[in-house]
Amino acid sequence: MQSILTDFYTLESYEKSENGSFIADISLNKDHDIFKGHFPGNPVTPGVCMMQIVKELTEEFVGSKLFLKTASNVKFMAIINPFETPDLKLQLDIAVNGEDVKVKNITSFGETIALKMSVSYKKIPS
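Figured I'd write up the structure that's included with this text. All of these numbers come straight from a predicted model, not from anything done at the bench.

Let's talk about the pattern of salt bridges
Scanning all chains against the criterion turns up six salt bridges. A salt bridge links Lys30 to Asp31, with the nearest nitrogen and oxygen atoms 3.6 Å apart. Among the residues examined, Lys30 registers a relative accessible area of 36% and is labelled partly exposed. When the shortest N-O distance is used, the salt bridge between Glu59 and Lys55 registers 3.1 Å. Residue Glu59 and its partner Lys55 are located together in helix 2 (residues 47-62), separated by four residues, close to a single helical turn. Residue classification places Lys55 among the buried positions, given a relative accessible area of 17%. Through salt bridges with shared partners, a single ionic network connects Lys55, Glu59 and Lys65.

Details of the environment of Asn19
In this structure, Asn19 sits in the loop between strand 1 (9-16) and strand 2 (22-28). At 2.9 Å, the side chain of Asn19 and the side chain of Ser21 are in polar contact.

So, how was this worked out
Residues numbered from 1 in each chain as written. Predicted model: local features only at pLDDT ≥ 70, side-chain atom pairs only at ≥ 80, totals over all residues. Heavy atoms only, no water. Salt bridge = Lys/Arg side-chain N within 4 Å of Asp/Glu carboxyl O. Buried < 20%, exposed > 50% of the residue type's maximum accessible area, 1.4 Å probe, protein only. Helix = DSSP H or I, 4+ residues; strand = E, 2+ residues; numbered from the N terminus. Polar contact = N/O pair within 3.5 Å; in protein donor to acceptor, adjacent residues only side chain to side chain.

If you want it as structure tokens, here you go:
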């Protein structure tokens, strides 16, 4: 799968748990151009980039391109500074029903939850 966030993050590892959810460990590239503009001298990971990472990881795990249908309960709970906390853990509870893919995500660093959201995607036929 091709990422639109070229060189923005690296998928370090992932595992599928017994209950079917995925745990992915990623590292943000603190030197990426996005952080030079968001915000100079005080880099913050844009929420839309975090939502895109969840989409790209879900595409990887379900083996299909996806189109975002809905996002609900999107809660940004902590600032993700790529210089202070570049290593993130994403839990993705993925439920596939035909063409519909629902994902509940919790993104954290250390003991801090940074993002919680529920999204619904539709598979794009290849």
